[in-house]
Amino acid sequence: MYEWHDVAQAAEERGDLDEAISVIESVAECYSRDSFLHNAHLWHMDLLARAGRVEELAMRAKTDVHASRRLERLSREEAAKKGG
């Protein structure tokens, strides 16, 4: 496994999403040939949403389909919390 993965996972587990985002952002690759780096990209989008970094996610969503999908999911989750 990659060392950065362990560092990001440890940060996420202790609730330091900003550190996890910083670590993941440095290696994540959208549509990478390396599936682990592509999964890191998806993880990065999820971390942004969970950290409440909606503006950053929205900026990325302009050119990144994964960010767009995660932003849409976040909107649906927020609507469900509000009851509809």
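The structure reproduced in this document is the subject of the present report. What you are looking at is a predicted structure, and each value in this text was computed from that prediction instead of being measured.

A rise of 1.5 Å per residue sets the reference length of helix α3 (residues 35-50), with its 16 residues, at 22 Å; its end C-alpha atoms lie 22 Å apart and thus fit the reference within 8%. Within α3, the full set of buried residues consists of L37, H38, A40, H41, W43, H44, M45, D46, L47, L48 and A49. For α3, the secondary structure elements touched by its buried residues are α1 (3-13), α2 (17-25), α4 (54-61) and α5 (65-81). For α3, the N-terminal cap is D34; the gap from its side-chain oxygen to the backbone nitrogen of F36 is 2.8 Å. One or two steps after α3, the chain reaches G52, where phi turns positive at roughly 75°.

The next subject is the environment of L48. When you line up the elements, L48 lands in helix α3. Overall, L48 belongs to the buried group, its relative accessible area being 0%. Along the backbone, L48 and A79 are 31 residues apart, and their C-alpha atoms lie at a distance of 18 Å. Discounting residues that sit within four places of it in the chain, L48 has contacts with I21, R53, E56, L57 and R60.

Further remarks concern the packing of α3 against α4. Geometry of a packed helix pair, given as the angle between the helix axes and the separation of the axes. Packing of α3 against α4 brings their axes to within 8 Å, and their N-to-C directions diverge by 140°. As far as their axial angle goes, α4 and α3 are oblique. Of the residues in α4, those touching α3 at H44, M45, L48 and A49 are E56, L57 and R60. Tallied by class, residues from the contact of α3 with α4 come to four nonpolar, one polar and two charged.

Another point: the packing of aromatic side chains. Scanning the entire structure with this criterion turns up three aromatic pairs. Between the aromatic rings of Y2 and F36, the centroid separation amounts to 4.9 Å while the plane-to-plane angle is 35°, which identifies the pairing as tilted. Pair noted here: Y2 is in the segment before α1 and F36 is in helix α3, with a separation of 34 residues, a long-range link. Exposure remark for Y2: the relative accessible area of 34% places this residue in the partly exposed category. Residue F36 is classed as partly exposed on the basis of its relative accessible area, which comes to 25%. A ring pair is formed by W4 and F36, whose centres lie 5.6 Å apart and whose planes are at 55°; its orientation type is tilted. Here W4, found in helix α1, pairs with F36, found in helix α3; they are 32 residues apart in sequence, far enough to count as distant.

Let us now look at the side chain of H41. The residue H41 is located in helix α3 in this model. Within the structure, H41 has its side chain in polar contact with the side chain of D64 (distance 2.8 Å). Dropping the residues within four chain positions of it, H41 is found in contact with A28, E29, C30, D64 and H66.

What counts, and at which threshold
- Residues numbered from 1 in each chain as written.
- Predicted model: local features only at pLDDT ≥ 70, side-chain atom pairs only at ≥ 80, totals over all residues.
- Heavy atoms only, no water.
- Helix = DSSP H or I, 4+ residues; strand = E, 2+ residues; numbered from the N terminus.
- Expected span 1.5 Å × (residues − 1).
- Buried < 20%, exposed > 50% of the residue type's maximum accessible area, 1.4 Å probe, protein only.
- Contact = heavy atoms within 4.5 Å.
- Polar contact = N/O pair within 3.5 Å; in protein donor to acceptor, adjacent residues only side chain to side chain.
- Axes fitted to C-alpha atoms, helices over the stretch in contact; angles between N-to-C directions.
- Parallel < 35°, antiparallel > 145°, perpendicular 65-115°, else oblique.
- Nonpolar A, V, L, I, M, F, W, Y, C, P; charged D, E, K, R; others polar.
- Phe/Tyr/Trp six-rings, centres within 6.5 Å; stacked < 30°, edge-to-face > 60°.

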